[in-house]
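In case you want the letters, here they are:
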Amino acid sequence: MYLEKDDERVLAGEFGETRQKMMEILVALGRVYGAERLIPITSAQVSGASYKTIGRWGLAWLQSLDARVAVPTVLNPIGMPQEGWQEFGIDEEFARHQMEVVQACRRLGIKIECTCTPYYLRITEYGEHLAWAESSAVAYANSVLGARTNREGGPSALAAAIIGKTPYYGLHIVENRRPQVVVEVEGGTSPRSDHWGAIGHIAGKKVGNRIPIFTDIRPNRDQLKALGAAMAATGAVALFHVDKITPETRVFNFPTDDLDRVTVSRDEVEALFAETEVEAVAVGCPHCSVDELRDLAELLRGKTTTKPFYIFAARGVAAANPDLVDAIERSGARVITDTCMVVSPRMDEFASIMVDSGKALAYVPGMCGALARIGTRKECVEVATS
Ligand code: F3S
């Protein structure tokens, strides 16, 4: 792989051991995937930030690094809110280790905004090259924003953040972004059959790691977010297109006649909605947008929760909308920032959790050891307040 002179010097260790190791990661990745060169990135998002998922070895690795990121970089959700973790039910030992992770990341120059929706905090333009790690954020950046990122692992995203570059392969190359399979969604009229997280949950299993193009659907941005997050979880989708909706379908002509076709049926979607008793309700996977917080505030107006109801959002989004947070919390529901229903040990304490997310439906059983039930946002509010 071609390296510029300065990159060669980084690789030779002239700028310290950490940068050398980070360059080694990028060069190794580039060689595996046949990249010809490195390209500059405009931002990075680093996963593996919850102590629940990285444990003491991950923490030790982060603490061993000695460098600063070269581009704006944020973290994926950590295992607890940075303030109020005691009320959220986090024990002191976990909190101490989690704050050590945060401190190690801060020392690297990473902005301690811990979210899977970094696109709500910093404008990301069409065509920008990124190194983002969280799968739903990757799907959103590629598909909805038309930016370009591979589905990075935590270490490779951090390496790209510190070097400010990433190997030029995969989804950074326009030619690799063409659709590979057509997805047809059977029309439905009930809120359940139009649930985009549930549709994505089914679609992801059918398309696997191919790039799907949907035809004849018109989801809004929040629905695209839910669709992509679920497909990234049950499949390995890092980019999807929706004809006439997502930006690249308006820039490129994608012929679809010769592609495989799969259908998501209304019955398959409806079948996901089992009605079981749950101990807690959690929404905000991926983290809520302002519109989603507004919708929740409206749905919760005049109601009181009867079981724990957690609503996850980016710190910056919650801080910019204190009235919505107040309106939601008057019901007893809690808006929780910095963490999420999957990466926080708090959620491991429930035997059953209701979610409104096709991604959380896939991850909660394995990551929290809990039974997961999916519902619409309205159904989640009804269950949390009945
Ligand atoms: Fe975000 Fe956690 Fe879901 S990282 S996409 S809220 S599993």
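Definitions and cut-offs
- Residues numbered from 1 in each chain as written.
- Predicted model: local features only at pLDDT ≥ 70, side-chain atom pairs only at ≥ 80, totals over all residues.
- Heavy atoms only, no water.
- UniProt positions renumbered as here; feature names shortened; annotations may be inferred.
- Helix = DSSP H or I, 4+ residues; strand = E, 2+ residues; numbered from the N terminus.
- Rg over C-alpha atoms; globule rule 2.2 N^0.38 Å.
- Buried < 20%, exposed > 50% of the residue type's maximum accessible area, 1.4 Å probe, protein only.
- Near = heavy atom within 4 Å.
- Domains from an automatic or database assignment.
- Contact = heavy atoms within 4.5 Å.
- Buried area = accessible area lost by both parts, 1.4 Å probe.
- Pairing = 2+ DSSP bridges.
- Axes fitted to C-alpha atoms, helices over the stretch in contact; angles between N-to-C directions.
- Expected span 1.5 Å × (residues − 1).
- 1 Å grid on protein atoms, 1.4 Å probe; cavity = no way out; pocket = protein on both sides within 12 Å on 5 of 7 lines; lining within 4 Å.
- Points joined across faces, edges and corners; volume = space filled by probe spheres on them.
- Nonpolar A, V, L, I, M, F, W, Y, C, P; charged D, E, K, R; others polar.
- Phe/Tyr/Trp six-rings, centres within 6.5 Å; stacked < 30°, edge-to-face > 60°.
- Lys NZ or Arg CZ within 6 Å of the ring centre and 35° of its normal.

Naming follows an unreviewed UniProt entry, where the protein chain appears as Phosphomevalonate dehydratase large subunit of Methanoculleus thermophilus. Recorded in UniProt for the protein chain, the comment headed Catalytic activity (unreviewed entry) runs: "(R)-5-phosphomevalonate = (2E)-3-methyl-5-phosphooxypent-2-enoate + H2O". As stated in UniProt under Sequence similarities (unreviewed entry), the record for the protein chain gives "Belongs to the AcnX type II large subunit family."

A.B. asks: Would you take a moment to explain the overall build of the protein chain for this structure?
C.D. replies: Summing up its helical and strand segments, the protein chain has 15 helices and 15 strands in all. The globule rule puts the C-alpha radius of gyration for 386 residues at 21 Å, and the 21 Å found for the protein chain is close to it. For the protein chain, the spread of C-alpha atoms along the three principal axes comes to 65 × 60 × 35 Å. Here the protein chain, with 386 residues, has 60% of them falling under the buried criterion.

A.B. asks: Sorry if this is basic, but what is going on with the site of the ligand here?
C.D. replies: With respect to spatial proximity, the complete set of residues near the ligand consists of Pro77, Cys116, Glu134, Ser136, Gly284, Cys285, Pro286, Cys340, Val342 and Lys359. Sorting elements by how many residues they give to the shell around the ligand places strand β11 (residues 280-288) first, with three residues. Here the shell around the ligand spans two domains, and each of domain 1 (5-174) and domain 3 (280-385) adds at least three residues to it.

A.B. asks: Just checking my understanding: could you explain the domain arrangement of the protein chain for this structure?
C.D. replies: Partitioning the protein chain into structural domains gives domain 1 (5-174), domain 2 (178-271) and domain 3 (280-385). For domain 2 versus domain 3, the separation of C-alpha centres amounts to 24 Å. Counting residues at the interface gives twelve residues for domain 2, matched by 16 residues for domain 3. Interface area, domain 2 with domain 3, both sides summed: about 1000 Å², of which 61% is carbon and sulfur.

A.B. asks: Can you walk me through unusual backbone geometry in this structure?
C.D. replies: Excluding glycine, most residues fall at negative phi; most peptide bonds, likewise, are trans. Cis geometry marks the peptide bond from cysteine 285 to proline 286, where omega comes out at -5°. Residue placement: proline 286 occurs in strand β11. One non-glycine residue, lysine 244, lies in positive phi territory at about 70°. One can find lysine 244 in the loop between β9 (241-242) and α9 (247-251). What makes lysine 244 exposed here is its relative accessible area of 58%.

A.B. asks: Looking at this structure, how should I read the sheet that holds strand β15 (residues 371-374)?
C.D. replies: The pairing of strands in a sheet happens through backbone hydrogen bonds and is either parallel or antiparallel. Strand order in the open sheet formed by five strands is β13-β12-β11-β14-β15, with parallel pairing between adjacent strands. The open sheet has two edge strands with one neighbour each: β13 (334-337) and β15. Neighbour to neighbour, the strand axes of the sheet diverge by 30° on average, direction disregarded. Relative to strand β14 (residues 352-355), β11 runs parallel, the two being bridged by three bridges. Note on β14: the bridge partner recorded for alanine 280 is isoleucine 353.

A.B. asks: When you look at helix α2 (residues 17-33) in this model, what are you seeing that I'm missing?
C.D. replies: Structural remark: α-helix, 3.6 residues per turn; residues separated by three or four positions point the same way. Between its first and last C-alpha atoms α2 spans 24 Å; for 17 residues at 1.5 Å apiece the expected length is 24 Å, and the two agree. Every buried residue of α2 is accounted for by Thr18, Met22, Met23, Leu26, Val27, Leu29 and Gly30. Where α2 ends, the next residue or the one after it, glycine 34, has phi of about 75°, a positive value.

A.B. asks: Any chance you could explain the layout of surface pockets here in plain terms?
C.D. replies: Space left empty within the atom packing is revealed by a probe, the size of a water molecule, rolled over the atoms. Estimated volume of the largest pocket: approximately 510 Å³. What lines the largest pocket is a set of 27 residues, among which His195, Gln223, Glu292, Asp356 and Arg377 lie closest to the centre. Of all the elements in the fold, those that place two or more residues in the lining of the largest pocket are α7 (196-207), α8 (221-234), β11, α11 (290-300), α14 (358-368) and α15 (377-384). Looking at side-chain class alone, the lining of the largest pocket contains nine nonpolar, eight polar and ten charged residues. Looking at the lining of the largest pocket, you find at least three residues from each of domain 2 (178-271) and domain 3 (280-385).

A.B. asks: I'm lost on the UniProt feature "domain: Phosphomevalonate dehydratase large subunit-like" (unreviewed entry) in the protein chain in this one. Help?
C.D. replies: Per the UniProt record, the feature "domain: Phosphomevalonate dehydratase large subunit-like" (unreviewed entry) sits at residues 1-382. The span residues 1-382 carries 39% helix and 16% strand; its end-to-end C-alpha distance comes to 56 Å.

A.B. asks: Looking at this structure, how should I read α7?
C.D. replies: Here α7 spans 16 Å end to end across twelve residues, near enough to the 16 Å set by a 1.5 Å rise per residue. Within α7, ten of the twelve residues are buried, leaving the element largely enclosed by the surrounding structure. Listed as buried for α7 are Trp196, Gly197, Ala198, Ile199, Gly200, His201, Ile202, Ala203, Gly204 and Val207.

A.B. asks: I keep staring at the packing of aromatic side chains and nothing clicks. Help me out?
C.D. replies: Pairs of aromatic rings are described using the distance from one ring centre to the other and the angle between the two planes. For the structure on display, the rule yields ten aromatic pairs. On the basis of an interplanar angle of 45° and a centroid distance of 6.4 Å, the ring pair of tyrosine 310 and phenylalanine 312 is categorised as tilted. Looking at arginine 37, its charged tip hangs above the ring of tyrosine 168, at a distance of 4.5 Å from the centre.

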